[in-house]
Structures are given as structure tokens and as C-alpha cells.
Amino acid sequence: MTVARPDEVRRYNRAALLRLLHKGGPTTRAALSTELGLNRSTIKMLVDGLAGDGVVEERVPRLAQGAGRPSLLVLPQAQAVVVLAVDVQVEHAGIALVGLGGEILGRNSWNLRGRQREPEEVVCHVAESAALLAQDLGLRPVAAGVSVPGIVRRSDGMVHGAANLGWLDVPLGERMGTALGVPVVVGNDAELGALAEFVRGVGRGASDAVFVSADVGVGGGIIAQGALLRGSAGYLGEIGHMTVRPGGRRCHCGNVGCWETEVGEAALRRALGLGEGRPRGAIVAELHELQRDPDPVARLGDYVDWLILGLVNVVNVFGPELVVLGDLFTALPTPVVDRARAEVRARSMVSRAQGGVRIEKSTLGPDLKLLGAAEAAFDSVLTRV
Ligand SMILES: [Zn+2]
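Residues numbered from 1 in each chain as written. Predicted model: local features only at pLDDT ≥ 70, side-chain atom pairs only at ≥ 80, totals over all residues. Heavy atoms only, no water.

A.B. asks: I tried to follow helix H4 (residues 119–137) on my own but got confused; where do I start?
C.D. replies: Each turn of an α-helix holds 3.6 residues, which means side chains three or four residues apart point in the same direction. Helix length check: H4, at 19 residues, gives a terminal C-alpha distance of 27 Å against a target of 27 Å (1.5 Å per residue), a fit within 8%. For H4, the set of buried residues is Pro 119, Val 122, Val 123, Val 126, Ala 127, Ser 129, Ala 130, Leu 133 and Ala 134. The secondary structure elements touched by the buried residues of H4 are strand S4 (82–88), strand S5 (92–99), strand S6 (104–111), strand S10 (167–171) and helix H5 (172–180). (Helix = DSSP H or I, 4+ residues; strand = E, 2+ residues; numbered from the N terminus. Expected span 1.5 Å × (residues − 1). Buried < 20%, exposed > 50% of the residue type's maximum accessible area, 1.4 Å probe, protein only. Contact = heavy atoms within 4.5 Å.)

Dropping the structure here:
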């Protein structure tokens, strides 16, 4: 049996406390003591250490009630630990500096067209833009998280394939690390979306949740027992490429009848009767218009059936308490989501057995992937602060 040394125990407790403040925001010393199962003198010692390093501040809570001395409120200091978040999408890229506690302290974004989409151009632009932003704000990121719409090996950030970007076997983690000069974590966009929802969004407090998003492609991220599920080699969550329709449309992945071909952006365009070249904005506008239609479920026809079929499969396989719908799915009219909720409840054995499953739209908006990328970076950093 190995006995942990006191400094190791202290480091472990310090990281746990910091993680709690990062995710939960300002917390009283008393609540920290309860949450972490540590006595008050240990909490005091840890908080004093962090305050001495400028990572937290303490204040007397304003609404202290009752007699006696109120427990001091411990506040994480956003600028004390800063990470760079990078969100590479098919048509644009964005960066943000995110502080301890999840606050976006500054950002920049630009369009990606033609050559700008090449990996070396993206890396170069990210590094230049990040350096300028950090200089403007007088901040220094200690790590970076990068979201990419592709299959990513988490161990080293190798992007095995990002079909919609035209990338194949790009060692993005290595290249970004060299260009930025800080440790870099690269993740699949849907996986990082799941992480963001779990830490900051509608999935807060859920132990088992699935995030499903429709962008140009359809992807997913799975939270199981409070942690991101990973495949044997780090690849997982290609929910969009479940075969749902033998003899259906050919998918860019080489397979036929993938869920993505029935519920992704192109399928939505077809269901709405929009021409192939119509931009994403037209789809979203049309879906908002559909809110006023007396029967949007009927208007979308088969699309709704395919959506439900995929969700029933996902719920049966993963048994989540919550399914979060992201990106284009968030623009679906309320009656469509209501129908999906009712049908999944009726048709999924797992949902029936566990007494239902919540199906909610993502609430984090366009910052979702930036926030997820930041959380991936913070995960690697908070043990070292
Ligand atoms: Zn496919």
C-alpha cells in the first residue's frame, strides 16, 4: 500500500477546492468544508494559500443572516488563471481568453474561406490573433483548448479526419502547441459541447447525459457517471454515423444511410423546401417562421420521424437522464421537440424503465464550443495551479 505524502494530499485538496470554485463560483468557507468533506482549519489553510497566490479573494457575504460570525465567501479571481479557447468551425474560427470561473475576458473571430481553411493557415492565424488579444488584455494564457468538427485523438490532438474542413491526419495538437508555446488539448466539437453543457449549461448536475448537435454534420458527446466517455483509442460519439436507413443516401464517411444524412443541415434544408445553396441563416430563419405554423411537425414530415428514431436509439444505448440538443437542433420549433420527448418516452425501453428522460435544447448559444474548449484546457491546468 502506498501512503500519500502530506504535500501530495495538500496539492490534491487544493486542486479539488479550485475545481469547485471554478465550476460553482463564489462559495462560503462553510460550504467548501461540507462539499469537500474537509475540516474548517484545512479549508482555511488551503484558502489562505490560494489567496496569498492571488488566485482567490475573500469577502464577508452581504446577506449574512442570524447571529454569529458569517462564513467568509471565497471568490475565484478570473484573471489569476487564464486559458485560450479556440473554436474552429467549417465557415469561421473564433478564439477567447477565458478566466477561472468560466468568464470570457476577451475574444476575436474571423471567417474561413478557401485557403484560410488549410490547417497551417488556421494555426498561424490563431497564434497571431491570440498573441494580440493577450497583449491587449495584459493576460497570459497557461494552456489552450481547441474544438474541431472532426475525429480527434485526445491523447495528442491528432485530427484523424475533419471531412467538412477537408482535413486528413493533421497533427493539430503538436502544431498548435509549437505555435502557442503552451500545452494544448484538442477535442471533437460535439464532445466539447457536451463538456460545456455539463459544466456550465443545462446539463449541470446531471451524471449521465448525451449531447447531440446538428451542424454541417451531426455529432455527439456522452457524459457517463459525471465524466466524458472516451473510446478505446479516444474516438467516440459519432452518433451522426449510426446507420439508420439501409439503402438511404450516401454519406461523406463512405457509409450509406447514416443518421446525419437524414437529420443534418442538408436534410433540414430539404425538409424545409430550401434550395441546396441556401445558407445556414436561411434555415434558421425558416425554422423560426415555422414556430407560427399551426402544425410544424407535419410541415417537416419525415424529418421528425428520423430525428425521433435516432434519439430513441441513443437513449436505449446510453440510458441518459438528459439529452441536450445543440446547434441547428436548437432552432427546431417547440412542438417538434415536444413530439420527440413524447415519442422517445413511449418508444425507448430504457426511458420507460427509468421513468423518462429529459430532452432539452442547449442554452449556451454560440459560445458553447469556446466554453467547452476552455473547460478541456482548465481540466489539465487546475491540478497545477
Ligand atoms: Zn456517415
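Following the structure, the description resumes.
A.B. asks: How should the sheet that holds strand S3 (residues 73–76) be read in this particular structure?
C.D. replies: Whenever strands of a sheet pair, they do so through backbone hydrogen bonds, lying parallel or antiparallel. Read across the sheet, three strands follow the order S1-S3-S2 without closing on themselves; strand pairing throughout is antiparallel. Two strands bound the open sheet, and with one partner strand each, they are strand S1 (27–28) and strand S2 (56–59). Looking at chain direction, S2 and S3 are connected through four bridges and run antiparallel. Among the inter-strand pairings, Glu 58 is bridged to a residue of S3, identified as Val 74. Contacting S2 and S3, helix H3 (residues 40–52) runs over the sheet at an angle of about 115° to S2. (Pairing = 2+ DSSP bridges. Axes fitted to C-alpha atoms, helices over the stretch in contact; angles between N-to-C directions.)

A.B. asks: Would you explain the pattern of salt bridges in this entry?
C.D. replies: As a working rule, side chains carrying opposite charge can pair if their charged atoms are close by. For the structure on display, the rule yields 26 salt bridges. A salt bridge links Asp 156 to Arg 153; the shortest N-O distance between them is 2.8 Å. Taking relative accessible area as the criterion, Asp 156 reaches 37% and is therefore assigned partly exposed. Take Arg 153: its relative accessible area is 28%, and that puts it in the partly exposed class. A salt bridge links Arg 341 to Asp 338, with the shortest nitrogen-to-oxygen separation between them at 2.8 Å. Remark: Asp 338 and Arg 341 occur in helix H12 (residues 334–347); sequence separation between them is three residues, near one turn of the helix. For Asp 338, a relative accessible area of 38% translates into the label partly exposed. (Salt bridge = Lys/Arg side-chain N within 4 Å of Asp/Glu carboxyl O.)

A.B. asks: Explain a nonpolar patch on the surface to me, please; I cannot follow it from the model alone.
C.D. replies: On the surface, Leu 229, Leu 236, Val 317 and Phe 318 cluster together into a nonpolar patch covering about 310 Å² of accessible area. Position of Leu 229 among the secondary structure elements: in the loop between strand S14 (227–228) and helix H7 (259–263). Residue classification places Leu 229 among the partly exposed residues on the basis of a relative accessible area of 31%. (Patch = residues over 30% accessible without salt bridge, like charges linked within 9 Å, V, L, I, M, F, W, Y side chains within 5 Å. Areas by Shrake-Rupley, 256 points an atom, 1.4 Å probe, with all protein chains shown as cover.)

A.B. asks: Mind showing me how you'd approach helix H14 (residues 368–381) here?
C.D. replies: Spanning 14 residues, H14 covers 20 Å between terminal C-alpha atoms, matching the ideal 20 Å at 1.5 Å per step. Within H14, twelve of the 14 residues are buried, leaving the element largely enclosed by the surrounding structure.

A.B. asks: Honestly, the nonpolar core in this entry has me stumped. Any pointers?
C.D. replies: Across soluble globular proteins, nonpolar side chains show a tendency to be buried alongside one another. Formed by 46 residues in total, the largest nonpolar core has its most connected members in Leu 17, Val 83 and Phe 378. Elements supplying a minimum of two residues to this core: helix H1 (6–24), H3, S4, S5, helix H6 (189–200), strand S12 (209–214), strand S15 (322–327) and H14. Counting residues per element, this core draws most heavily on H14, at nine residues. Contacts of Val 83, omitting those with residues within four sequence positions, involve Ala 96, Leu 97, Val 98, Pro 141, Ala 143, Ala 374, Ala 377, Phe 378 and Val 381. Judged by nonpolar contacts, the second largest core, of 39 residues, contains Ile 239, Trp 259, Leu 290 and Val 314. (Core = buried A, V, L, I, M, F, W, Y, C linked by side-chain atoms within 4.5 Å.)

A.B. asks: Help me understand the packing of H6 against H14 in this model?
C.D. replies: A pair of packed helices is characterised by two quantities: the angle between their axes and the separation of those axes. Where H6 meets H14, the axes come as close as 7 Å, and the angle between the chain directions of the two elements is 85°. The orientation of H6 with respect to H14, classified from their angle, is roughly perpendicular. Of H14, the residues touching H6 (which contributes Asp 189, Leu 192, Gly 193, Leu 195, Ala 196, Glu 197, Val 199 and Arg 200) are Leu 368, Lys 369, Leu 371, Gly 372, Ala 373, Glu 375 and Ala 376. Tallied by class, the residues present in the contact of H6 with H14 amount to eight nonpolar, two polar and five charged. (Parallel < 35°, antiparallel > 145°, perpendicular 65-115°, else oblique. Nonpolar A, V, L, I, M, F, W, Y, C, P; charged D, E, K, R; others polar.)

A.B. asks: Looking at this model, I keep getting lost on the sheet that holds S10. Mind explaining?
C.D. replies: Overall, antiparallel pairing links the three strands, which are arranged S8-S9-S10 in an open sheet. Strands with a single pairing partner mark the edges of an open sheet, and in this sheet they are strand S8 (151–153) and S10. Adjacent strand axes in the sheet meet at a mean angle of 10°, parallel and antiparallel pairs treated alike. Note: strand S9 (residues 158–162) against S10, four bridges, orientation antiparallel. Within S10, the position partnered with Gly 161 by the bridge is Leu 168. Contacting S9 and S10, H5 crosses the sheet at an angle of about 50° to S10.

Interpretation note: all reported values are geometric properties and have no functional meaning in isolation.
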